[in-house]
Amino acid sequence: MMQRLAPYQIGLWLAEYINLRCQLCHIHRSASQVSSVTAPSHHNHIYQRLSTGLLCPLCQDNIAWLPAVFNVDIAASISLPVQAATYYDYPVRQAIRAFKHHEDMTKLPLLVHVLRQLPRPMGCHSSNSVILPMPTTPSRLAERGFDPVTILSAYLSKHWDIPIWRGVQRIDHTVSQQGLTRAERLTNLNDAFLLNELPPVKRVLLFDDVATTGASLQALARTLYGESSFHDQNSLHNKISAPASYPYHLSAYALAHGSNNK
């Protein structure tokens, strides 16, 4: 059975293999960025085209990658580590906003390149891990017409070779987190998520586009951990609410981290 292509995959292929210009400065990408892995000489030309990144070396070096992990509390003595690919700053901030709020597909190659800076979490693979994208609400999906986090998570799934799992839904009573203080964000996210089924594996990798204060990821993790109040269906709450016996390992990842509003 043919594997389904990720959203906008053909456009990404064009940016990656045909239009060999840096996605930031738009200057032709240098061959010096080609991976150091040695390829057979008679395939060298093809190998260079397939190995070149989406940024030139200068633009790549001008972005601060992999800021320090920060933690948010999800239960007593339990914290959720959050790793971002970079900071929510120029030029990534502008690219995220254009893609997220205006469905500007010209920014997708840059954002995919940013995603690829996230190394696969140690010990995680397709048999023991799933990616949980930050759920959106039906009203927000109808308003935007597409779900940017779902699209980006498809590329993260491909990058890590780890499947996506959607066992949590977002309740359609919260407002946008944009412009809210941390306290307002936490209040806004009370009972924002509903666990529909137990995770099928032990490692759950939460993903969002921007981790500003980490409040959304914190609320999502608390729902999985059983600390949030959700309706007891088929004894789900009883199965996962005891911290001492909690069988899952949670960690979180984002395109960018910063104090600016999303």
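Right above here is the structure, for reference.
Now for a description of the structure that goes with this document. (Residues numbered from 1 in each chain as written. Predicted model: local features only at pLDDT ≥ 70, side-chain atom pairs only at ≥ 80, totals over all residues. Heavy atoms only, no water.)

## A short note on the overall build of the chain
When you go through the chain residue by residue, the secondary structure sums to 10 helices and 7 strands. Relative to its full complement of 262 residues, the chain shows a buried share of 48%. Counted over contacts in the chain with a minimum sequence separation of 6, partners at least 24 positions apart contribute 72%. For the chain, the accessible surface area stands at approximately 13300 Å², while carbon and sulfur atoms represent 54% of it. (Helix = DSSP H or I, 4+ residues; strand = E, 2+ residues; numbered from the N terminus. Buried < 20%, exposed > 50% of the residue type's maximum accessible area, 1.4 Å probe, protein only. Contact = heavy atoms within 4.5 Å. Areas by Shrake-Rupley, 256 points an atom, 1.4 Å probe, with all protein chains shown as cover.)

## Let's talk about the sheet that holds strand E3 (residues 129-133)
The strands that make up a sheet are held in pairs by hydrogen bonds between backbone atoms, and each pair lies either parallel or antiparallel. Across the sheet, 5 strands lie side by side as E1-E2-E7-E6-E3; this open sheet has mixed pairing. Edge positions in the open sheet fall to strand E1 (70-75) and E3, since each of these has one partner strand only. With strand direction ignored, the average angle separating the axes of adjacent strands in the sheet is 25°. Pairing geometry for E1 and strand E2 (residues 78-87), over 5 bridges, is antiparallel. Within E2, the residue paired with aspartate 73 across the bridge is serine 79. Across the face of the sheet, helix H7 (residues 148-160) comes into contact with E3, strand E6 (203-211) and strand E7 (249-257) while running at roughly 130° to E6. (Pairing = 2+ DSSP bridges. Axes fitted to C-alpha atoms, helices over the stretch in contact; angles between N-to-C directions.)

## Focus on the packing of helix H4 (residues 92-102) against helix H5 (residues 108-115)
Here H4 crosses H5 at 120°, and the two axes come no closer than 9 Å. As summarised for this structure, H4 and H5 are arranged oblique, according to the angle between their axes. The crossing of H4 and H5 is left-handed. Across the interface between the two elements, Val92, Ala95, Ile96 and Phe99 from H4 touch Leu108, Leu110, Leu111 and Val114 from H5. Considering only residue class, the contact of H4 with H5 consists of 8 nonpolar, no polar and no charged. (Parallel < 35°, antiparallel > 145°, perpendicular 65-115°, else oblique. Left-handed = near helix turned anticlockwise from the far one by under 90°. Nonpolar A, V, L, I, M, F, W, Y, C, P; charged D, E, K, R; others polar.)

## Observations concerning the nonpolar core
Ranked by size, the top nonpolar core spans 66 residues in total, and within it Leu80, Leu206, Leu224 and Leu250 carry the most contacts. In contact with leucine 250, not counting residues within four places along its chain, are Ile74, Leu80, Pro81, Val204, Ala221 and Leu224. (Core = buried A, V, L, I, M, F, W, Y, C linked by side-chain atoms within 4.5 Å.)

## Observations concerning the packing of H5 against H7
Look at H5 against H7: their axes get within 10 Å of each other, and the N-to-C directions meet at 45°. In terms of axis orientation, H5 runs oblique to H7. Relative to H7, H5 is oriented so that their crossing is right-handed. On H7, the residues touching Leu108, Leu111, Val112 and Leu115 of H5 are Ile151, Leu152, Tyr155, Leu156 and His159.

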